[in-house]
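# Commentary on secondary and tertiary structure
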Amino acid sequence: MMNEPESTTAASKKIRTINKEAVHQICSGQVVFDLATAVKELVENSLDSGATIIEVKLTDYGKSNITICDNGSGVLESDFEELCLKHHTSKLKNFTDLMSIGTFGFRGEALSSLCALGDVTIITKHSTSEHTFKLTFDRNGILINKEESPPKDGTTVHVKNIFKTLPVRLKEFERNIKKEFARVIQVLYSYCLVSVGVKIKFTNSVGNKPQNLIVSTNKTNKVLENVKSVFGIKAIDGLIEIIMESPNEEILEKYKLPLDIQVDFTWEFYVSSCNHTSGRSCPDRQFLYVNGRPCDLLKVSRLINQTYHNYNNKQYPFVFLNLKLKQECADVNVTPDKRKVFFTQEQLIFATIKMNITREWDKAQKIFTLLTDSSLIKKEKSKRNISPVKDFYPMPKRQFLNLNREERNLNDFNITKQNKKNEENQLEEKKKVIDVKELEIIVVRNSTTMKMNTNLKRIQLKLQGQKKVESNEKKQKRMKYKTQLTEKNEDAEKELEKELTMESFVNMQIIGQFNLGFIVAKLDSDLFIIDQHASDEKFQFEKLSNETKLKTQILIAPKLLNLATLNEGILIDNQSIFEDNGFSFIINSEANQGHRVKLTGMPVSGGWQFDERDIEELIFMIKEEGHRDSGISQIPRPSRIRDMLASRACRSAIMIGKTLNLIEMRKIINQMSTMKNPWNCPHGRPTIRHLFSLCFLK
């Protein structure tokens, strides 16, 4: 290889200024990285301008044009030149001004970034001006044309052909345009709910077709009215307003807070009741804010959901929480999109939320209803998780004969389901690992099976004798597995997933069967224990999940589904997934959005019954995991269908207590190499754990 000329090498190392256009293209991705962020930034600008009417109009899902129109205060003519320049803002001059910022935007980067990504035109009239101007900007945010426009109050921003300057980003945007559009809807939901006294209207038009209304609010002054406008009147059924009370001594001690601490914040807080019909099948309607700013408060969300599951472990609550803090108590200047927030009193916020939601859900759980003799009987209950099926008891035969057919069917269904649940819980008892000081092990050698009483220490010594490890080799070995059997399943799974490949299972050497329930196997110098039932159950479950297509029972009359526009679009685009799960629909493309889908058939299987909640859960799963776009072959299943398949898999799997020969043990271990997730069974029990490493034995 020839050496480069000295002049060329020197020139290549010379530090140079990046040209202005390149700076804009590089930095634009820090602020506007997708369609939802672009719309979010423009809507926030409108809200900051004092607008009471905001219209968001997309053409071709935002690919051709994004238009945000408001009736706000407009832009002063003296600010036209700096309007789209980078780092130019009217919100602050110094860093210390952040402490007094009460608006959404303050970085001065959004309009500049949009200029770098597409063609930006702004039409504006300031409230003090007589004229309306149309402004055109170049890629660097420099004003290149100004002309008078027909009179119109407020500001209208057009962004055409977004991402056209970034070919790779544009290709990704076009490939996932429906998913990008779905994110826009979710973002606008959050602003629609919190923006009281503001009418927000969102439409989309495709080609020459008329505009489709996606969501609209009515300029009301109450959050719950906005909830009704966005999600329908049924959405507020079962909602509880959480009135703040200061945390008591018990909760303060739990969160290690001083007993004299003062709560210096307020909130507006609505959540679902913990009644088993009030929650949702997925966490798709949880909206968290800090001083009216939509934020990603993951720890707060986790706290609320975990507490809710103590009362209702099958559903998730609707959540609207707007924390109102002093400006100096929250830092939103963490990420460019300002969605992440740091708190100065995080533990106090957690403690206050925990105590107040626990108080309200305790009230709701004091009384539950029980169906017996065609009447509702109210009964006090202890604080524990209750489901309608678990607390349904068979009634005397005389009472049963007096029931009508529908009530008999309900009684039979609940008793059958309870029996299945009880059967699975006996299984649970059998699978518990008992004290292993002195247990029976079956060792297979040369197709001969023999039993002997032994313990783990003896196995350890036997295997140690089979393979001697030199002391210098011990020092060179890396300890792969550090998680103990008694530690968290999550930690063990992460460790196994990191160290074991699918081929590892095929290469394992079978030592024998332990306690008629576990297979002991060795890979290199590491010893593993495999649950024969759990691993076979998981194999059967994945097989059923991939192959089962549920039968459909046709409804006597089609039922109109009142879905949010976003959810309706997901259902239509992924209709085959719903059909694989036993649901059938009629799609009327000419109907208004939100009213295009009618349910014509429901899945049926034995005593299992399904309803619209399963449809909503499946929509959420598709939206979150993107099954259709990612090419995942496994059919997504709602939790109740998944529970049904798990029950089938459990009954067909090899049971605890069965003696296995070498061929049967080999089959179970080899099956694990074909699984997508071999680390635990459908019910969450571990399938394999690391026992110990022979190379570290003393």
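Reference entry: report on the structure contained in this document. Quantities reported herein were computed from a predicted structural model and do not represent experimental measurements.

Conventions adopted
Residues numbered from 1 in each chain as written. Predicted model: local features only at pLDDT ≥ 70, side-chain atom pairs only at ≥ 80, totals over all residues. Heavy atoms only, no water. Phe/Tyr/Trp six-rings, centres within 6.5 Å; stacked < 30°, edge-to-face > 60°. Helix = DSSP H or I, 4+ residues; strand = E, 2+ residues; numbered from the N terminus. Buried < 20%, exposed > 50% of the residue type's maximum accessible area, 1.4 Å probe, protein only. Lys NZ or Arg CZ within 6 Å of the ring centre and 35° of its normal. Axes fitted to C-alpha atoms, helices over the stretch in contact; angles between N-to-C directions. Parallel < 35°, antiparallel > 145°, perpendicular 65-115°, else oblique. Left-handed = near helix turned anticlockwise from the far one by under 90°. Contact = heavy atoms within 4.5 Å. Nonpolar A, V, L, I, M, F, W, Y, C, P; charged D, E, K, R; others polar. Salt bridge = Lys/Arg side-chain N within 4 Å of Asp/Glu carboxyl O. Polar contact = N/O pair within 3.5 Å; in protein donor to acceptor, adjacent residues only side chain to side chain. Expected span 1.5 Å × (residues − 1). Pairing = 2+ DSSP bridges. Disulfide = S-S within 2.5 Å.

Throughout the structure, instances matching the rule amount to 15 aromatic pairs. Both rings, one in Phe 181 and one in Phe 202, keep their centres 5.8 Å apart while their planes meet at 40°; by these two values the pair is tilted. Of this pair, Phe 181 sits in helix H6 (residues 177-194) while Phe 202 sits in strand S7 (residues 199-205); the two residues are 21 residues apart in sequence, bridging distant segments of the chain. Judged by its relative accessible area of 8%, Phe 181 falls in the buried class. Taken together, Tyr 189, Phe 231, Phe 287 and Phe 318 form an aromatic cluster joined through their ring pairs. Against the face of Phe 133 rests Lys 146, its NZ or CZ located 5.5 Å from the ring centre.

Attention shifts here to the packing of helix H17 (residues 532-547) against helix H22 (residues 639-652). Between two packed helices, the angle of one axis relative to the other and the distance separating the axes together describe the packing. Taken N-terminus to C-terminus, the directions of H17 and H22 make an angle of 130°; their axes are 8 Å apart at the nearest point. Overall, the two elements H17 and H22 adopt an arrangement that is oblique. Here H17 runs over H22; the crossing is right-handed. For the pair H17 and H22, the contacting residues are His 533, Asp 536, Glu 537, Gln 540, Phe 541, Leu 544 and Ser 545 in the first and Arg 642, Leu 645, Ala 646, Arg 648, Ala 649, Cys 650 and Ser 652 in the second. When the residues that make up the contact of H17 with H22 are grouped by side-chain class, the tally is six nonpolar, four polar and four charged.

This structure, assessed with the given rule, holds 26 salt bridges. When the shortest N-O distance is used, the salt bridge between Lys 164 and Asp 119 registers 3.0 Å. Of this pair, Lys 164 sits in the loop between strand S6 (154-160) and helix H5 (167-175) while Asp 119 sits in strand S3 (residues 119-125), placing them 45 residues apart in sequence. Two residues, Arg 685 and Glu 537, come together in a salt bridge whose shortest N-O distance is 2.9 Å.

All right, on to the side chain of Lys 125 then. The topology assignment puts Lys 125 in strand S3. One polar contact links the side chain of Lys 125 to the main-chain carbonyl oxygen of Ser 129, over a distance of 2.9 Å. Setting aside anything within four residues of it in sequence, one finds Lys 125 in contact with Ser 73, Gly 74, Glu 130, His 131, Thr 132, Lys 152, Asp 153 and Gly 154.

Attention now moves to H6. Since the α-helix advances by 3.6 residues per turn, residues separated by three or four positions end up pointing in the same direction. A rise of 1.5 Å per residue sets the reference length of H6, with its 18 residues, at 26 Å; its end C-alpha atoms lie 27 Å apart and thus fit the reference within 8%. Counting buried residues in H6 gives 14 out of 18 residues, a clear majority hidden from the surface.

On to the sheet that holds strand S23 (residues 551-560), then. Read across the open sheet, the three strands follow the order S23-S25-S24; overall the sheet is antiparallel. Whereas interior strands pair on both sides, the edge strands pair on one side only; in this sheet they are S23 and strand S24 (584-587). Each strand of the sheet is rotated relative to its neighbour by a mean of 20°, with strand direction disregarded. Where S24 meets strand S25 (residues 597-604), four bridges bridge the pair, whose relative direction is antiparallel.

With that settled, consider the state of the cysteines. The full count for this structure, using the stated rule, is zero disulfides. Looking at the unpaired Cys 84, the closest cysteine sulfur is the one in Cys 115, lying at 3.9 Å.

So, on to unusual backbone geometry. Positive phi is not limited to glycine here, since Tyr 61 has a value of about 60°. By the element assignment, Tyr 61 lies in the loop between strand S1 (53-59) and strand S2 (65-70). If you check the backbone angles, Asn 515 has positive phi at about 60° while not being a glycine. Structurally, Asn 515 is set in the loop between strand S20 (509-514) and strand S21 (518-523).

This paragraph deals with the sheet that holds strand S12 (residues 293-294). Strand pairs in the sheet, formed through backbone hydrogen bonds, run parallel or antiparallel to each other. Spatial strand order, S9-S10-S13-S11-S12: five strands in an open sheet with mixed pairing. Every interior strand has two partners, whereas the edge strands, strand S9 (239-241) and S12, have only one. Across three bridges, S9 lies against strand S10 (residues 266-272) in antiparallel orientation. Bridge pairing in S10 links Ile 240 to Val 271. Sitting on the sheet, H6 is in contact with strand S11 (286-290), S12 and strand S13 (319-324), with an inclination near 60° to S11. This element, helix H9 (residues 298-308), spans S10, S11 and S13 of the sheet and lies at about 140° to S11.

Coordinates in, geometry out; function isn't part of it.
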